Amino acid sequence: MMNDLFRGELTRLAAVDAEKMSKAWERWNRDVLFRRLLDNEPPTLWSAKKIQQWIEKELERGDQRFSFSIYPLDSERLIGFVELNVASWQHGNAWVGIGIGEREDWNKGYGTDAMRLVLRYAFDELDLYRVSLGVFAYNPRAIRSYQKAGFVIEGRERGALLRDGERSDVLVMGILHSEWEAQQGAMQEASGG
Amino acid sequence: MNITQSLFESEHICLGPINYDKDPEIEARWSEDADYLLMVGLEPARLTSPAQIKKKYEAIEKRQEEDKDLFFFTIRMRADDRLIGFARLEWIDWSNGCGYVSLGIGDPNDRNRGYGTETLRLLLRFAFDELNLHRLTALIPEYNAAGLRLFTKAGFVEEVRRRQAVNRLGRRWDLLHLGILRDEWEAQRAPNESTRERLTSF
Ligand SMILES: CC(C)(COP(=O)(O)OP(=O)(O)OC[C@H]1O[C@@H](n2cnc3c(N)ncnc32)[C@H](O)[C@@H]1OP(=O)(O)O)[C@@H](O)C(=O)NCCC(=O)NCCS
């Protein structure tokens with residue numbers, strides 16, 4: 001059972017090493033497609049040094065935030081990050097954000113697998129009630145991946161993004177603890193376990 | 001354009017600054033009212049002394065100065081400058097033109113008199129005419145019927161329903177994201193306020 005909580009079928013989650021992570025971010029930031037899929041802020045091109053300071057500061061933010069690095073199983077190659085932010089313990093709510101940095105690592109199942117691990121952590125370990133995320137309507141790969149992990153679309157904020165002079169919607173997706181449990185049960189039955 | 005048209009006053013109420021001498025005592029009383037706390041936020045209810053409230057105001061003003069993503073107003077009666085509530089435009093995302101709006105009227109005797117509607121009208125004008133935003137969002141738990149009515153009346157529509165996100169009064173409630181776009185606001189504002197009218201009146 002050792003380590004089971006952080007090992008999936010394709011990926012494992014590990015602690016964030018600020019130095020390793022900042023070098024990866026320095027590279028990922030230069031792919032504007034990655035940045036425009038990832039968040040709604042203007043992309044910044046910070047130095048590895050500056051990114052490292054920022055990551056170190058963020059890691060100190062304590063018990064509301066759970067940050068992980070993503071590695072393929074049995075590899076030392078850092079491929080992405082995933083981060084759970086508890087918005088409220090009282091309401092049992094958290095937001096999750098995920099990114100696989102290199103384009104050649106997309107569509108290989110890594111993102112979905114890592115998301116499943118984080119959901120297991122959120123529900124089994126932190127006992128949260130629900131997890132939410134925001135995703136851009138022009139990112140069908142991410143939407144599909146989240147649906148595979150069990151999220152459902154709960155609505156869309158119209159026109160909340162402006163890029164290249166065009167407006168797009170931001171979708172909000174969510175998954176409840178109970179839905180996640182039902183899904184675990186169904187998966188166990190399907191695998192005859 | 002009509003730069004003399006007031007941004008901060010309407011028929012009965014006005015938006016104003018914090019008054020450090022008078023407001024903390026008043027807000028401290030509101031912090032004992034469970035109904036008010038239930039409606040104004042999702043934070044745990046917390047009794048707050050006037051001294052703590054002063055500190056909170058200082059933190060708000062510091063954030064306004066440093067982060068530039070918050071516009072905080074007190075709501076006051078025009079007749080005597082009495083504090084009746086608070087309003088915020090916040091988490092402003094300047095590059096995409098988005099922001100969040102919230103407001104609360106503290107004393108139950110001041111509710112259901114149209115002051116919230118007047119306040120929201122001023123906030124919308126400030127957000128769209130002054131900040132040049134494209135859209136605004138309000139986050140309202142489904143149990144807040146008065147809040148839902150206020151925003152719906154002003155033209156907001158339900159965009160997102162975060163299922164069972166709120167844990168209050170012994171059960172789970174959905175959290176609604178209501179949104180309004182600039183176009184929608186322009187279409188429903190009174191004709192004599194509309195941009196075209198004002199432009200052609202030159
Ligand atoms: C989003 C992300 C984390 C998903 O991880 P991933 O490992 O690439 O995803 P997976 O391979 O597990 O699943 C992708 C699914 O999307 C599908 N897909 C890919 N492109 C698609 C498209 N254009 N339309 C519809 N579905 C698409 C894939 O076929 C796959 O589904 P399938 O298994 O049913 O065939 C990753 O792609 C990523 O980091 N992208 C860049 C940054 C980003 O978008 N972050 C998320 C911000 S909210």
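Scoring rules and cut-offs
- Residues numbered from 1 in each chain as written.
- Chains lettered and ligands numbered in written order.
- Predicted model: local features only at pLDDT ≥ 70, side-chain atom pairs only at ≥ 80, totals over all residues.
- Heavy atoms only, no water.
- Helix = DSSP H or I, 4+ residues; strand = E, 2+ residues; numbered from the N terminus.
- Buried < 20%, exposed > 50% of the residue type's maximum accessible area, 1.4 Å probe, protein only.
- Polar contact = N/O pair within 3.5 Å; in protein donor to acceptor, adjacent residues only side chain to side chain.
- Contact = heavy atoms within 4.5 Å.
- Expected span 1.5 Å × (residues − 1).
- Arc of directions from axis to C-beta.
- Near = heavy atom within 4 Å.
- Areas by Shrake-Rupley, 256 points an atom, 1.4 Å probe, with all protein chains shown as cover.
- Salt bridge = Lys/Arg side-chain N within 4 Å of Asp/Glu carboxyl O.
- Buried area = accessible area lost by both parts, 1.4 Å probe.

Structural notes on the side chain of A:Ser69
All names here are of chain A. Structurally, the position occupied by serine 69 is in strand 2 (residues 65-72). On the basis of relative accessibility, which here comes to 2%, the residue serine 69 falls in the buried class. In terms of polar contacts, serine 69 uses its side chain to reach the backbone carbonyl oxygen of alanine 15, at 2.9 Å. Excluding its chain neighbours within four sequence positions, the residues that come into contact with serine 69 are Arg12, Leu13, Ala14, Ala15, Val16, Asp17, Met21, Leu78 and Gly80.

A look at helix 6 (residues 177-190) of chain A
All names here are of chain A. For helix 6, with 14 residues, the first-to-last C-alpha span of 20 Å sits near the 20 Å given by 1.5 Å per residue. Listed in full, the buried residues belonging to helix 6 are His177, Trp180 and Gln183. One side of helix 6 carries all its buried residues, which in axial view fall inside an arc of 125°. The outward face of helix 6, more than 90 degrees from its buried face, is lined by the exposed residues Ala182 and Glu189. The inward-facing, buried residues of helix 6 contact helix 4 (110-125), helix 5 (140-149) and strand 7 (166-176).

With respect to the site of the ligand
Residue and element names in this part refer to chain A. Every one of the 23 residues lining the ligand counts as a neighbour, but Ile100, Gly109, Gly111, Thr112 and Lys148 are closest to it. Isoleucine 98 is positioned with one of its backbone polar atoms (N or O) 3.2 Å from a nitrogen atom of the ligand. The separation between an oxygen atom of the ligand and a polar main-chain atom of glycine 109 is 2.7 Å. Protein burial of the ligand: of its 960 Å² of free accessible surface, 76% is covered by the chains. Listed by contribution, the elements that provide at least two residues to the shell around the ligand are helix 2 (32-38), strand 4 (93-100), helix 4, strand 5 (130-136) and helix 5. A total of 7 residues in the shell around the ligand trace back to one element, the largest contributor, which is helix 5.

Here's the deal with helix 1 (residues 18-28) of chain A
Residue and element names in this part refer to chain A. Residues of helix 1 that are buried: Ala18, Met21, Ser22, Ala24, Trp25 and Trp28. Buried residues along helix 1 cover an arc of 165° about the axis, so they all sit on one side. Contact partners of the buried residues in helix 1: helix 2, helix 3 (48-59), strand 2 and strand 3 (80-88). For helix 1, the side-chain oxygen to backbone nitrogen distance between the N-cap and glutamate 19 is 3.0 Å, and the N-cap itself is aspartate 17.

Here's the deal with the pattern of salt bridges
Residues and elements named next belong to chain A. One pass over the full model with this rule turns up 33 salt bridges over all chains. Between arginine 77 and aspartate 105 there is a salt bridge; the shortest N-O distance is 3.1 Å. Linking arginine 77 in the loop between strand 2 and strand 3 with aspartate 105 in the loop between strand 4 and helix 4, this pair joins segments that are 28 residues apart in sequence. A salt bridge links aspartate 169 to arginine 156, with the nearest nitrogen and oxygen atoms 2.9 Å apart. Of this pair, aspartate 169 sits in strand 7 while arginine 156 sits in strand 6 (residues 152-163), placing them 13 residues apart in sequence.

Let's talk about the interface of chain B and chain A
The partner chain A presents 26 residues to the 28 residues of chain B that form the contact. Buried surface at the junction of chain B and chain A, both sides included, amounts to about 2,100 Å², of which 38% is carbon and sulfur. When the buried area of chain B at its contact with chain A is split by residue, B:Asn96, B:Arg162 and B:Arg163 rank highest and sum to 30% of it. At the surface where chain B touches chain A, the tally comes to 4 salt bridges. In this structure, the connection of chain B to chain A is made through 21 residue pairs in polar contact (both at pLDDT 80 or more). Where the side of chain B that touches chain A is concerned, the elements lending two or more residues are strand 4 (98-105), strand 5 (135-141), strand 6 (157-168) and strand 7 (171-181) of chain B. The element best represented in the side of chain B that touches chain A is strand 6 of chain B, accounting for 11 residues.

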